[in-house]
Amino acid sequence: MGTPTLDLAVGVTSATLDRGLRQLHAGHRELLRGDHGEVVSGIRYSLGWDLREPPRISLGAPDPARWDKTWKQAGVSTLPSSGVVQLVMPSLWLRWAPEGGTSRELSCTVAVSARLLAVDGGVRADLLGVWMETPPTDRNDRTVLKRVLVPRLLKRGGDLLKALRLPAQQFLGESVDLTPVLVDVTDRYLVVATGPRPDPASVSAVDWPTGKEVFCLVAPALLKRLVNAAAQQEADKHEPVVDVDETLAGVLRATLKAYFRGLKDLRVDARNPTRLTAGVDIAWKGGVTLFPIAPGEGCALVEATQNM
């Protein structure tokens, strides 16, 4: 099994993503509801919707039976072979009505399917279609939902999925370009990776770690860069790491300070990337004062020793 050349790979489980969507649902309900009016076949319809329960992420493609009943995006007929996720809305409430007519309501599970790709420095969601667990039985109602609701659900789902990205950030005072070059979807993880563009043929052969809700893999070169940046950040504080001030009453006073100035020859163990070795650059400063009594008191010999 191979591993593409990457700087950083972050993998998260669907359970971790779902927690974020629950927070979104609790704090930003306005993003998950809407009202719209549109003319369909010469009749103006009003349409409202609301996600009454938090949405969740399903990793992987829909099964063939669900895909067969999916209202597909224009130009889409078959499922991609990789990178497919579903944004599942367990309780999507819908209300629609023709102008001057009787309104109808429906509440059911809806899923937006999309393929995630790393394109132009970000994560792109290529929307595939919308599946409804219990679509309206009336043909005209289905037409209205397809032409009015489905495009908006696709856009809203795409906006949420496109937010799954790693923007460029400052880490430990070091500017790190986190340009996504790979999105991988497994039965357990959604992985976004940065670095040199990998060989697409190697993506399906990656052995990502298992057993954790979130993992982060850092290449040795980037790890050294971040550790050196952290070390430099500490050195720039100019704060002593050793600060000793001892007095032997009537005899002497001794002071010792040590300042961290950085790391030297930092190395990452090739067999165990979590093990690093380095030399430490330390600056020492100390002094000893003999016969430490107040200046101006005692003999000249005592006064002469105050700054020894």
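These figures come from a predicted structure and were not determined experimentally. Once a new chain begins, its residue numbering starts again from 1 and follows that chain's sequence as written. Reporting of local features is limited, given that this is a predicted model, to residues whose pLDDT is at least 70; pairs of side-chain atoms are given and counted only at 80 or more, and all residues count toward the totals for whole chains, interfaces and linings. To obtain the side-chain values, all non-hydrogen atoms of the structure were used and water was disregarded.

J.: Would you take a moment to explain unusual backbone geometry for this structure?
T.: In this structure, Ser41 takes a positive phi of about 55° despite not being glycine. Numbering of helices and strands starts at the N terminus; helices are DSSP runs of H or I of at least 4 residues and strands are runs of E of at least 2. Here Ser41 lies in the loop between β2 (33-40) and β3 (43-51). The phi dihedral of His238 falls on the positive side, at around 55°, and the residue is not glycine. Locating His238 in the fold gives a position in the loop between α5 (220-235) and β14 (240-248).

J.: Can you walk me through the confidence of the model for the protein in this structure?
T.: Low pLDDT marks stretches whose predicted atomic positions should not be read closely. The pLDDT value expresses, per residue, how confident the predictor is, ranging between 0 and 100. Taken residue by residue, the protein gives an average pLDDT of 80. The fraction at 70 or more is 83%. Put simply, helix α6 (residues 300-304) is where the protein has its lowest mean pLDDT, 41, and helix α2 (residues 64-68) is where it has its highest, 94. Any pair of residues with heavy atoms lying within 4.5 Å of one another is described as a contacting pair. Within the model, pLDDT remains below 50 along residues 297-308, and this stretch shows 18 contacts once partners closer than five positions in the same chain are excluded.

J.: Sorry if this is basic, but what is going on with the pairing of strand β7 (residues 104-119) here?
T.: On a regular strand, one side chain projects to one face of the sheet and the next to the other, so that they alternate. The pairing of strand β6 (residues 84-98) with β7 spans eleven bridges and is classified as antiparallel. Bridge pairing links Val88 to Ala111 in β7. In this analysis, strands are considered paired if DSSP registers two or more bridges between them. Count of turn residues in the β6/β7 antiparallel hairpin: five residues, of which Gly100 carries a positive phi of about 80°. Looking at chain direction, β7 and strand β8 (residues 122-132) are connected through ten bridges and run antiparallel. Note that in β8 the partner of Ser113 across the bridge is Gly129.

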